[in-house]
Structures are given as C-alpha cells and as structure tokens.
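As a plain string of letters, each chain reads:
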Amino acid sequence: MEQGLVVTQLDIQPGECIKVKGKILSDAKGFAVNVGKDSSTLLLHFNPRFDCHGDVNTIVCNSKQDGTWGEEDRKADFPFQHGDKTEICISFNETEATVKLPDAEFQFPNRLGMEKIEYLAVEGDFKVKAIKFS
Ligand SMILES: C=CCO[C@@H]1O[C@H](CO)[C@@H](O[C@@H]2O[C@H](CO)[C@H](O)[C@H](OCc3cn(-c4n[nH]c(N)n4)nn3)[C@H]2O)[C@H](O)[C@H]1NC(C)=O
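These notes cover the structure that comes with them. (Residues numbered from 1 in each chain as written. Predicted model: local features only at pLDDT ≥ 70, side-chain atom pairs only at ≥ 80, totals over all residues. Heavy atoms only, no water.)

One pass over the full model with this rule turns up zero disulfides. Cys52 takes part in no disulfide bond, and the closest cysteine sulfur to it belongs to Cys61, at a distance of 13 Å. For Cys52, a relative accessible area of 15% puts it in the buried group. Unpaired in terms of disulfides, Cys89 finds its nearest cysteine sulfur in Cys17, a separation of 4.5 Å. (Disulfide = S-S within 2.5 Å. Buried < 20%, exposed > 50% of the residue type's maximum accessible area, 1.4 Å probe, protein only.)

Another point: the sheet that holds strand S10 (residues 104-109). If you trace the five strands from one edge of the open sheet to the other, you get S10-S9-S8-S2-S12, paired in antiparallel fashion. Edge positions in the open sheet fall to S10 and strand S12 (126-133), since each of these has one partner strand only. Shown here is a sheet whose adjacent strand axes are inclined to one another by a mean of 20 degrees, direction ignored. Pairing geometry for strand S2 (residues 18-24) and S12, over seven bridges, is antiparallel. When the sheet's bridge partners are listed, Ile18 is paired in S12 with Phe133. (Pairing = 2+ DSSP bridges. Helix = DSSP H or I, 4+ residues; strand = E, 2+ residues; numbered from the N terminus. Axes fitted to C-alpha atoms, helices over the stretch in contact; angles between N-to-C directions.)

With that settled, consider unusual backbone geometry. You will see that His53, though not glycine, has its phi angle at about 50 degrees, which is positive. Along the chain, the position of His53 falls in the loop between strand S4 (41-52) and strand S5 (55-65). Its identity is not glycine, yet Asp66 carries a phi of approximately 50 degrees, on the positive side. Residue placement: Asp66 occurs in the loop between S5 and strand S6 (68-69).

Of all hydrophobic cores here, the largest spans 32 residues; its most connected members are Leu44, Phe46 and Phe80. For this core, the secondary-structure elements that each account for two or more residues are S2, strand S3 (31-38), S4, S5, strand S8 (85-92), strand S9 (96-101), S10 and strand S11 (119-124). With four residues, the single largest contributor to this core is S4. Ignoring sequence-local partners within four residues, the contact set of Leu44 consists of Val33, Asn34, Val35, Cys61, Asn62, Ile90, Ala97, Val99 and Phe108. (Core = buried A, V, L, I, M, F, W, Y, C linked by side-chain atoms within 4.5 Å. Contact = heavy atoms within 4.5 Å.)

Here it is as structure tokens:
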C-alpha cells in the first residue's frame, strides 16, 4: 500500500475529531487510515480491504505498539464501494476510538491508553481531498 498523506506534530485531544474527506479509487484493493503517536505506535489502523491480504470486502482494524501489530478486529459491515466519495471521522477517548462514516459507525478499543493523537497517515487506494481537525 503506497504511502499517501502523512501529518505529524498533531495534538488531537479526546473528544476532538479528525475528518478525512476523499474518494476511493474505482479499482481500489484497499486503503488504510492510521492514527496514533507515529508510524510504529498506532491507536488505530483502520483498513478497509476490497481484495487484499486475503480479505474481500472486510474492514480490518488493529493497533500497533513499537512496530508490533496487535490482534486484528474484523468488522461485520463493509459500507464502502469502489469510486465512493466519503468522509471518515475519527475521534477517541480513554476507552475507545470511534470511526464515523456517512452510513456506519465503528468502535475499536484504545488498547494503548493513548491520551493524544500526534500522527495521521492515509495509505493505499484513497485520494484525499480534504482533512479537518475539529
Ligand atoms: C493468515 C496468516 C497470516 O495472517 C495475515 O498476516 C498478515 C501480515 O501480518 C496480515 O496483514 C497485515 O495486517 C496488518 C493489520 O493487522 C496491516 O493491515 C498490514 O498492512 C499494513 C501496511 C502494509 N503497508 C504496505 N505494504 N506495502 C507498502 N509499501 N506499505 N502499509 N501498511 C497487513 O500486511 C493479515 O491481515 C493477516 N490475515 C489474517 C486473516 O489474520
């Protein structure tokens, strides 16, 4: 998954929101939105997979601590289609991260007890149009 947008030096606090607006490529295999401390320590790796890493139409979520992946969490719902324009809103608190989409919402535990988000990266077949921090 090629490297796309990377934003560092953030100071996103619990309750604040990271909004990533963009378009899923028409031939997307997968994309990921990563938030955390840095590329090696992620509160959340949000990875919709159309057809990659052995998964089809599956959202895989995970954490990463000092470069080591945690246990994957596969979501039942897959509210994405090739070519979709969408907005992904990520917020968190001391217990969990929440991913809000136009037609779905997912939670993922804050396994690392992260207290602020300093890092955002978008990888793969997703063309970022705008990002907003609120
Ligand atoms: C079945 C036995 C092996 O399990 C598989 O193990 C794979 C490797 O760990 C798992 O894929 C990784 O799953 C991680 C989340 O748990 C990440 O999604 C990881 O991709 C992250 C990534 C790759 N890249 C990347 N690849 N190439 C480039 N330039 N960048 N950037 N970020 C994927 O490569 C994959 O999800 C996992 N599948 C299952 C069913 O467990």
